Amino acid sequence: MSIPQSGGGPIESHDQLAELLAKGCKPKDKWRIGTEHEKFGYCKDTLKPLPYEGDRSVKAVLTALRDTYNWAEVLEGGNIIGLEKDGANVSLEPGGQLELSGAPLETIHQTCDEVNEHLREVKDVADKIGVGFIGLGAAPIWTHDQMDMMPKGRYKLMTDYMGRVGSHGTQMMYRTCTVQVNLDFGSEADMVQKLRVALALQPVATALFANSPFFEGKPNGHKSWRSRIWRDLDPDRTGMLPWVFEDGMGFERWAEWVLDVPMYFVYRDGKYIDALGQSFRDFLKGELPALPGEKPTLSDWADHLTTVFPEARIKQFIEMRGADGGPWRRLCALPAFWVGLTYDQEALDAAWDLVKGWDAETREALRVAASVDGLQARVGNISMHDLAREAVAISETGLRNRAKPGAGGMLPDETHFLNALHETIETGKTPADELLDRYNGDWNGDLTRIYGEYSY
């Protein structure tokens, strides 16, 4: 999850809210790719989740990365809660999931090199202390009571609130992992087209990357339990946002929606002040109960923008949020999929043509069906398998048109990063299907086998 924002003076005009988003507009030659992925850490001998403190712990991993690979530490309340280096960040999700937020890079070749280097570093320090990491969309066995809360003030507030507004919020916080990509836009119109395509096709990403068929020790009836969790989390700040497809969509419309999302906190002097359920509109008037008489800064607004969690999200870039965390070889396929769809205008137009006839009910039904049935989902006359095949083909065209070479020119473009998705489409089996086959086959229902065979 996001770190506190900084910079920006007091908000003096309502126009500044949308203007902050609009500042993300960039010419095409400045568009970059930021890949984020999360993974679960565990003690190899017990297969229990990592606590924050101890010889085998989240803190031990962060400290070893800092000391061995020259990362700079990020502290909160005297505790190490993250790392920074060369525009990238390593951070912690509430239950100790380790996240890499990659630097903004120009090509998939570069972002994949970054992911690979990070995973090699993590494996090196983890192996030395008896720790393993695994890429899955949801923790397959652990219960909530086994998860240690990381020492971040934001998470303490959110844990309390999530328990009041939805039935699955704490599951999301403590026992899920994702892989996502952050992408740029060139103008307000470009943002709107990309956001609409992103929201409409998130169910395809959910299906292709479905990797959470187990929860609390048994199959859960879904290919992506992580996606199921997001459907009953907090209706005020999640979902498919049908109004994005209406006339008048733009930065101002997004800002108006976020203004109506209840607040979590205000960050002051290194501490999170409880503003749970309070209104940013009241804050603009100097009437926030948490800070009576005080008005917000642009950094407060930037913080509030990070507390909405729809399937695709706007800040000064677009976040694609629909995919489960997964195995090493698939982490580069997710940014490749979305870059191919959105960074080439021919591909973006083709993707929009693919989805523009759907209504809100169809988009939501695809979201639900993707979580349950993955690639085997069907909504009306729409086959998810066929839809995924078309979307990946469009993405491949986009990557070929981009023609960004790699490996010193030996690779002419980025299309090979889609190979894992082509394999999924050809076999009809997502990672979740493969896991279920193993569980019902040679594992004989022994889910602990997942750690030895699917860890990084």
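Note that this is a predicted model, so its numbers are computed, not measured.

1. Concerning helix α13 (residues 360-373)
In step 1: Look at α13: 20 Å from first C-alpha to last across 14 residues, which is about the 20 Å you get at 1.5 Å a residue.
In step 2: All of the buried residues in α13 are T362, R363, L366, R367, A369, A370 and S371.
In step 3: Against α6 (188-208), α7 (225-230), β10 (238-239), β16 (378-379), β17 (382-383) and α14 (384-402) lie the buried residues of α13.
In step 4: G374 sits one or two residues past α13 and shows a positive phi near 60 degrees.

2. Re the nonpolar core
Across soluble globular proteins, nonpolar side chains have a tendency to be buried as a group.
In step 1: The biggest cluster of nonpolar side chains holds 150 residues, and the ones touching the most others in it are L195, L201, L208, W254, W301, F337 and W338.
In step 2: Here this core takes 12 residues from α6, the largest share from any one element.
In step 3: Setting aside its immediate chain neighbours within four residues, W301 contacts I11, L17, L20, A255, V258, L259 and F280.

3. Overview of the pairing of strand β6 (residues 131-134)
In step 1: Alternating positions in β6 separate into two faces, V131 and F133 on one and G132 and I134 on the other, with burial throughout.
In step 2: The pairing of strand β1 (residues 33-43) with β6 spans four bridges and is classified as antiparallel. Along β6, the bridge assignment pairs Y42 with G132.

4. Describing unusual backbone geometry
In step 1: For N70, which is not glycine, the phi dihedral falls at a positive 60 degrees.
In step 2: Its place among the elements puts N70 in the loop between α2 (58-69) and β2 (72-76).
In step 3: A positive phi angle is found at E216, which is not glycine, with a value near 50 degrees.

5. Let's talk about helix α15 (residues 419-427)
In step 1: Those residues of α15 lying buried are A420, L421, T424 and I425. Seen end-on, α15 carries its buried residues on one side only, within an arc spanning 135 degrees.
In step 2: Looking at the buried side of α15, the elements it contacts are α6, α11 (333-342) and α14.
In step 3: At the exit of α15 stands G428, carrying a positive phi of roughly 75 degrees.

6. Re the confidence of the model for the protein chain
In step 1: Residues with a pLDDT of 70 or more make up 98% of the protein chain, whose mean pLDDT is 96.
In step 2: Confidence scores differ between elements of the protein chain, with helix α4 (residues 153-165) showing the lowest mean pLDDT of 87 and helix α12 (residues 345-355) the highest of 99.

7. Structural notes on the environment of G326
In step 1: With respect to the helices and strands, G326 occurs in the loop between β15 (318-324) and α11.
In step 2: Separated by 195 residues in the primary sequence, G326 and V131 place their C-alpha atoms 18 Å from one another.
In step 3: With residues near it in sequence (within four places) discarded, G326 still touches G135, L136, N211, L331 and Y456.

8. What about the state of the cysteines?
In step 1: Counting across every chain of the model gives one disulfide.
In step 2: Its sulfur unpaired, C177 is 16 Å from the next cysteine sulfur, which belongs to C43.

9. Digging into the side chain of E38
In step 1: Following the sequence through the fold, E38 ends up in strand β1.
In step 2: Salt bridges are absent for the buried E38, whose nearest opposite-charge side chain, R226, sits at 6.5 Å.
In step 3: If we ignore the near neighbours within four places in the chain, the residues touching E38 are E93, L98, E99, T176, C177 and T178.

10. Notes on the environment of P203
In step 1: Residue placement: P203 occurs in helix α6.
In step 2: Those residues in contact with P203 that sit more than four places away from it in its chain are M240, R363, L366, R367, A370 and M384.

11. Let's talk about the pattern of salt bridges
In step 1: Scanning the entire structure with this criterion turns up 37 salt bridges.
In step 2: As a salt-bridge pair, D190 and K194 come within 2.9 Å of each other at their nearest N and O atoms. Residue D190 and its partner K194 are both found in helix α6; the two are separated by four residues, about one turn of the helix. Of the two residues, D190 and K194, neither departs from the other in class, the shared state being buried.
In step 3: A salt bridge links R389 to D386; its shortest N-O distance comes to 3.1 Å. Here R389 pairs with D386, and both are found in helix α14, just three residues apart, close to one helical turn.
In step 4: Residue classification places R389 among the partly exposed positions, given a relative accessible area of 37%.
In step 5: Among the residues examined, D386 registers a relative accessible area of 40% and is labelled partly exposed.

Definitions and limits used
- Residues numbered from 1 in each chain as written.
- Predicted model: local features only at pLDDT ≥ 70, side-chain atom pairs only at ≥ 80, totals over all residues.
- Heavy atoms only, no water.
- Helix = DSSP H or I, 4+ residues; strand = E, 2+ residues; numbered from the N terminus.
- Expected span 1.5 Å × (residues − 1).
- Buried < 20%, exposed > 50% of the residue type's maximum accessible area, 1.4 Å probe, protein only.
- Contact = heavy atoms within 4.5 Å.
- Core = buried A, V, L, I, M, F, W, Y, C linked by side-chain atoms within 4.5 Å.
- Pairing = 2+ DSSP bridges.
- Arc of directions from axis to C-beta.
- pLDDT = per-residue confidence, 0-100.
- Disulfide = S-S within 2.5 Å.
- Lys, Arg positive; Asp, Glu negative; His and termini not counted.
- Salt bridge = Lys/Arg side-chain N within 4 Å of Asp/Glu carboxyl O.

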